[in-house]
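Each chain is listed here by its residues.
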Amino acid sequence: DIIKLSLSDIVLTPTIDGIRLIFLLSIYLSSIKVRESGWILMELACRQSMSLGLHRSLIINKFGPEKSQEMKRMIWSLIKAESTLCSSLGRPSALPLDEIDAELPSNDDVHDELFKVFYNQTCNLTKIIFVIMENKRKTQKEPLSLVNIEKTLIAQKKLETFWSNLPESWKDYKSLPVRISKPML
């Protein structure tokens, strides 16, 4: 009941805390197989973050170093989760990649070096996923045109480059025990 009472204020007024709440509620709903509602809330969180300008470096960098790192971490977590949800549901993204110029967070406060590498690699993979989703959206009318085949080959090359830049220990992911910061590729 408390969530129902305060949700209207959170939905109508974009704030950092409101975006976090909507984002976490979206992840929760997606995890309990209520993916449609989770997707709707994820898109709302994306739209609100864009209305606050969290996707723009110029706005984020106006804040102090700690707050700007926090905002970068929040927007990139939102970008990664949204792209995963959109690609699994076959839906378009609410975040246009060409408008996002927020830098990756430095994660200087994180002491686990493996996590830093993992975080940066997942962000790089998210950028590739965005390109693939955008190509899919644009190529539905003429999927076998030369331009679309070229875009597909470029995306494939990006994936191959991504794979070749991964640490060798991550590539044999089936034989090693899964750790919390080890990607499942």
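Located above this text is the structure these notes cover.
Counting residues in each nonpolar core, the largest one holds 30 residues, and the members touching the most others are I19, L54, I75, W76, L78, I79 and L95. Listing elements by their share of this core, those giving two or more residues are helix 2 (16–31), helix 3 (35–51), helix 5 (65–89) and helix 6 (113–138). Ranked by residue count, the leading element in this core is helix 5, at 8 residues. Beyond its immediate stretch of four places on either side in the chain, W76 contacts I100, A102, E103, L104, P105, Y119, C123 and K127.

Moving on: the side chain of Q121. Relative to the elements of secondary structure, Q121 occurs in helix 6. Discounting chain neighbours no more than four positions away, the residues touching Q121 are F162, N165, L166 and W170.

Moving on, we get to unusual backbone geometry. Although it is not a glycine, K33 adopts a positive phi angle of roughly 70°. Position of K33 relative to the elements: it lies in the loop between helix 2 and helix 3. Of note, N107 is a non-glycine position whose phi angle comes to about 55°, a positive value. Relative to the helices and strands, N107 resides in the loop between helix 5 and helix 6.

Turning to helix 6, a few remarks are in order. Counted at 1.5 Å a residue, the expected span for helix 6 with its 26 residues is 38 Å, and the 38 Å between its end C-alpha atoms agrees. Inspection of helix 6 places K116, F118, Y119, Q121, T122, C123, T126, I128, F130, M133 and N135 among the buried residues, and these make up the whole buried set. Among the structural elements, helix 5, helix 7 (146–165) and helix 8 (168–171) are those in contact with the buried residues of helix 6. With a side-chain oxygen positioned 3.1 Å from the backbone nitrogen of L114, the residue opening helix 6 is D112.

Our focus in this paragraph is the environment of I75. On the secondary structure map, I75 appears in helix 5. As a C-alpha pair, I75 and G53 span 22 residues in sequence and 9.9 Å in three-dimensional space. Each residue touching I75, except ones within four places of it in the same chain, is listed here: S49, L54, H55, I60 and A102.

What counts and how
- Residues numbered from 1 in each chain as written.
- Predicted model: local features only at pLDDT ≥ 70, side-chain atom pairs only at ≥ 80, totals over all residues.
- Heavy atoms only, no water.
- Core = buried A, V, L, I, M, F, W, Y, C linked by side-chain atoms within 4.5 Å.
- Buried < 20%, exposed > 50% of the residue type's maximum accessible area, 1.4 Å probe, protein only.
- Helix = DSSP H or I, 4+ residues; strand = E, 2+ residues; numbered from the N terminus.
- Contact = heavy atoms within 4.5 Å.
- Expected span 1.5 Å × (residues − 1).
- Polar contact = N/O pair within 3.5 Å; in protein donor to acceptor, adjacent residues only side chain to side chain.

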